Amino acid sequence: MATVSEHGLKRVVWQRIKETIIEDCKKSEIWKILILDHFTTKLLSSCCKMSDLMQEGITIVEDLYKSREPVLEMKAIYFMTPTAKCVDAFIGDFKLKPKYKAAYVYFTDYCSDELFNKMKLYCGKYIRVCKELNISFLPQESQVFTCDNPGAFRSIYSPHCSQDKGNTLETLAAQIVTLCATLDENPGVRYKKETMLENTTLDNAKQLAALVDYKLTKHYDMDDNGKKKGKTQAQLLIVERGFDPVTPILHELTYQAMAYDLVPIKNDTYKYKSKDGSEKEALLNEDDQLWARLRHMHIAEVSEQIPKLVKEISANKKQPDGKITISGLSQLMKKMPHFRKQIAQKTVHLNLTEDCMNHFQKNVEKLCKAEQDLAVGSDVEGVKVKDPMRTLLPVLLHPHGTYDKIRAVLLYIFSLNGTTEENLNKLIQHVKIEEDREFILNWRELGVPIISSPSFFPMRRSSRRDRTQEETYSLSRWTPVIKDVMEDAVENKLETKEWPHQSECPAAWNGSGAVSARQKHKASSQDERRSGSRLIIFVIGGISYSEMRSAYQVTQSVKSCEVIIGSSHIVTPMELLDDIQALSKPTTTKETFTIVKE
């Protein structure tokens with residue numbers, strides 16, 4: 001039985017890979033080598049395990065760019081991006097002296113005639129298959145995708161990278177189209193019209209919407225039956241990162257968002273020390289069912305849940321009713337080895353929860369009330385914040401870290417829709433970032449007002465949905481703006497003035513579960529397709545974990561409409577601040593920035 005993830009986008013991508021690469025190669029009984037580039041390594045890792053590949057007859061996985069020994073009796077599968085670098089590496093394996101018996105070549109998306117002809121010229125006699133899969137996005141989670149391109153933020157928003165912007169938007173558009181193709185959707189496309197600031201014209205969402213719609217039309221121009229594929233009952237909404245600057249810099253208290261903000265988790269890997277002092281690590285993904293179950297809960301609920309789950313496993317009357325500790329779990333594993341895996345999983349989350357709570361009690365708790373009051377505009381009793389400076393001052397006077405103070409100052413400025421230059425200078429001096437004022441000033445590149453002036457027309461704030469009746473924790477009152485957008489879209493309440501149509505999907509789309517007119521590519525008994533509609537959101541310049549959570553919450557509450565959210569990459573608050581600061585730096589050869597946490 002394959003252990004491949006059975007979750008949403010990951011399952012769809014794995015199914016597509018099986019239907020093409022694996023099915024083609026099954027025709028040969030010889031065990032094969034799979035050769036991947038950096039992107040396809042991430043892509044396969046996101047949706048399957050080595051055991052899944054071995055079950056399909058793939059015995060070795062190799063890096064395209066590394067030196068490899070020839071294995072002339074074996075056939076090689078090349079799964080790679082259609083770039084000159086990849087094609088040259090492939091040609092190098094066959095041009096002078098072939099390394100493998102034959103090659104099955106699969107590209108993530110469209111391969112240019114120039115590259116194709118170059119391959120044909122040098123390696124034509126060895127190529128058995130050459131196909132384009134149309135998968136150039138990463139299925140990060142069941143309802144989350146990325147384009148694996150953190151550098152897109154700088155390319156689009158830095159004044160030093162205006163020449164790169166067009167190419168970056170073209171690439172993102174092509175990747176979004178492969179997502180739609182993989183889901184077999186031809187959605188109506190809309191974008192958020194930005195209010196223009198003085199001397200600033202932000203039309204990235206409009207440009208990307210036009211590119212995506214053009215490429216979708218081209219892609220679906222002719223289907224397998226020689227007919228054009230019409231629009232399906234799906235919507236794609238495109239927004240700029242600056243449309244909600246508050247959500248990605250707030251301290252969040254839901255488990256996943258809090259953990260990635262406060263704990264050094266790299267490449268979804270959480271490292272911690274066990275009680276015996278040994279280094280342990282755990283992968284935080286949907287194969288960990290407990291993580292998938294807890295990640296969107298408030299930390300207070302998670303702290304209650306884990307001990308309950310341990311007691312359910314132990315069902316041991318001798319187990320004391322006191323506080324569950326990490327050393328207690330270690331003892332329990334020794335007593336009950338048959339539950340070792342389940343208990344080990346809970347040990348990971350008990351460690352991670354304790355890490356989060358230690359940070360919370362040390363610094364974050366003091367920050368959260370002020371942050372929430374500034375973000376929401378009222379206190380926990382619902383009384384309007386009349387003087388935001390009085391809310392901000394205690395944060396500035398407390399010995400918080402620089403990043404925490406910058407985050408609070410930004411929330412103060414956002415709450416006022418910009419402040420005076422004189423006031424801003426005082427704040428910058430107080431936080432002692434005179435040499436790093438770009439952390440604040442560069443938000444203007446995203447269309448966010450930082451300095452207000454008498455001549456400047458005040459921006460009209462989008463009205464928020466009334467959530468006064470919803471139960472919330474006092475330190476978690478803010479709701480990401482994207483959640484309002486998702487709910488409005490599902491209920492057909494998005495205003496056309498604010499959300500112009502680049503192209504429209506069938507009028508029947510209302511998110512209420514009307515049966516989709518979606519056409520199926522290759523009907524498969526294993527491919528259980530949904531019958532409701534889809535809402536796809538793309539945020540230019542990074543999404544936060546809180547925005548990811550919103551997609552699951554809205555899907556859960558509506559049930560008949562699946563919400564999928566994506567971006568160039570996922571950001572944590574400190575990563576976003578570092579990227580913002582770097583916007584005004586001259587272009588370097590580096591594509592990403594090193595984040596140093598305090």
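Further up the page is the structure itself.
Right, let's walk through the structure included here. Small disclaimer: the values here were computed from a predicted structure and weren't measured.

Side note on the overall build of the protein
The helix and strand inventory of the protein stands at 20 helices and 14 strands. The 598 residues of the protein split such that 55% are buried. Pairs at least 24 residues apart make up 78% of the contacts formed inside the protein by residues separated by at least 6 positions. Taken as a whole, the protein presents about 28600 Å² of accessible surface, with 50% of it coming from carbon and sulfur.

A closer look at the packing of aromatic side chains
Under the definition given, this model contains 15 aromatic pairs. Here the aromatic rings of Tyr 260 and Trp 291 are separated by 6.5 Å at their centres, their planes lie at 50 degrees, and the arrangement is tilted. Note that Tyr 260 is positioned in helix H9 (residues 255-262) and Trp 291 in helix H10 (residues 289-294), a separation of 31 residues in sequence. Accessibility classification places Tyr 260 together with Trp 291 in one group, the buried group. A connected cluster of aromatic rings, assembled from ring pairs, spans Tyr 78, Phe 90, Phe 94, Tyr 100 and Tyr 126. The residue whose ring lies beneath Lys 85 is Tyr 65, and the NZ or CZ to ring-centre distance is 4.5 Å. Geometry around Trp 478 places Arg 464 over its ring, the cationic atom sitting 4.9 Å from the centre.

Considerations on the sheet that holds strand S7 (residues 144-146)
Here seven strands make up an open sheet; going across it, the order is S6-S7-S14-S13-S9-S8-S12 and the pairing mixed. Here the strands that pair on one side only, and so sit at the sheet edges, are strand S6 (138-141) and strand S12 (501-503). Each strand of the sheet is rotated relative to its neighbour by a mean of 25 degrees, with strand direction disregarded.

Digging into helix H2 (residues 38-47)
By the burial criterion, the buried members of H2 are Phe 39, Thr 40, Leu 43, Leu 44, Ser 46 and Cys 47. Axial view of H2: buried residues confined to an arc of 160 degrees, hence all on one face. Buried residues along H2 sit in contact with helix H1 (8-26), strand S1 (32-36), strand S3 (71-80) and S6. Two or three places before Phe 39, at the start of H2, stands the capping residue Asp 37, its side-chain oxygen 3.0 Å from that residue's backbone nitrogen.

Here we look at the packing of H9 against helix H19 (residues 545-558)
The interhelical angle for the contact between H9 and H19, taken along N-to-C directions, is 165 degrees, at an axis separation of 9 Å. The angle between H9 and H19 places the two elements in the roughly antiparallel class. For the crossing formed where H9 meets H19, the hand is right-handed. Along its contact with H9, which presents Gln 256, Ala 257 and Tyr 260, the element H19 presents Tyr 545, Ser 546 and Met 548. Tallied by class, residues from the contact of H9 with H19 come to four nonpolar, two polar and no charged.

As for the nonpolar core
Core analysis: the largest hydrophobic core is formed by 149 residues, its most contacted members being Ile 238 and Trp 443. Per-element tally for this core: the top contributor is helix H13 (residues 340-376), with 12 residues. Contacts of Trp 443, omitting those with residues within four sequence positions, involve Pro 245, Ile 249, Leu 410, Phe 414, Val 448, Ile 450, Leu 576, Leu 577 and Ile 580. Among the nonpolar cores identified, the runner-up in size contains 23 residues, and Met 74, Phe 90, Ile 91 and Leu 115 belong to it.

Examining the pattern of salt bridges
Between side chains of opposite charge, a pair can form as their charged atoms come close. If you walk through the whole model with that rule in mind, you get 26 salt bridges. Put simply, Lys 18 and Glu 56 hold a salt bridge, and the shortest N to O gap is 3.8 Å. On the criterion of sequence distance, the pair formed by Lys 18 in helix H1 and Glu 56 in the loop between helix H3 (50-55) and strand S2 (58-63) is long-range, its members being 38 residues apart. Residue Glu 56 is classed as buried on the basis of its relative accessible area, which comes to 14%. Asp 373 serves as the salt-bridge partner of Lys 369, at 2.7 Å between the closest nitrogen and oxygen. Pair noted here: Lys 369 and Asp 373 are both in helix H13, with a separation of four residues, about one helical turn. Overall, Asp 373 belongs to the buried group, its relative accessible area being 4%. Several salt bridges share partner residues, and in doing so they unite Arg 464, Arg 465, Arg 467, Asp 484, Glu 487, Asp 488, Glu 491 and Lys 493 into one network.

Cut-offs used in this document
- All residue numbers refer to position in the chain's written sequence, counted from 1.
- Restriction of local features to residues with pLDDT of at least 70 applies here, the model being predicted, together with a cutoff of 80 or more for giving and counting side-chain atom pairs; totals for whole chains, interfaces and linings are based on all residues.
- With hydrogens and water stripped out, all remaining heavy atoms of the structure feed into the side-chain values.
- Here a helix means four or more residues in a row that DSSP labels H or I, a strand means two or more in a row labelled E, and each is numbered from the N terminus.
- Only protein chains enter the accessibility calculation, which uses a 1.4 Å probe; a residue is then buried when its area is under 20% of its type maximum, exposed when over 50%, and partly exposed in between.
- Contact criterion: two residues are considered in contact whenever any of their non-hydrogen atoms come within 4.5 Å of each other.
- Each accessible area is a Shrake-Rupley result for a 1.4 Å probe, and residues are judged covered by the shown protein chains and nothing else.
- Planes of paired rings set the category: under 30 degrees apart is stacked, over 60 is edge-to-face and the rest tilted, where pairs are Phe, Tyr or Trp rings (Trp by its six-membered ring) whose centres lie within 6.5 Å.
- In this scheme, the term charge over a ring applies when either NZ of a lysine or CZ of an arginine sits within 6 Å of the ring centre and within 35 degrees of the ring normal.
- One requirement defines pairing of two strands: DSSP has to find at least two bridges between them.
- Interaxial angle, 0 to 180 degrees, is taken between N-to-C directions of lines fitted to C-alpha atoms, where a helix line uses only the stretch in contact.
- The arc under discussion is defined with respect to the helix axis, by the directions toward the C-beta atoms.
- Here a polar contact is recorded for every N or O atom pair within 3.5 Å, except that within protein the pair must consist of a potential hydrogen donor and a potential acceptor, and residues adjacent in sequence are included only if both atoms are side-chain atoms.
- Here the word oblique covers every angle except those under 35 degrees (roughly parallel), over 145 (roughly antiparallel) and from 65 to 115 (roughly perpendicular).
- Crossing handedness: left-handed means the near helix sits turned counterclockwise from the far one by under a right angle, and right-handed means the same turn made clockwise.
- Amino acids outside the nonpolar list (Ala, Val, Leu, Ile, Met, Phe, Trp, Tyr, Cys, Pro) and the charged list (Asp, Glu, Lys, Arg) are all regarded as polar, and Gly is one of them.
- Residues belong to one nonpolar core when they are buried, are Ala, Val, Leu, Ile, Met, Phe, Trp, Tyr or Cys, and are joined through side-chain atoms within 4.5 Å.
- A pairing counts as a salt bridge when a side-chain nitrogen of Lys or Arg comes within 4 Å of a carboxyl oxygen of Asp or Glu.

Fair warning: the whole summary comes from geometry, so function is off the table for now.
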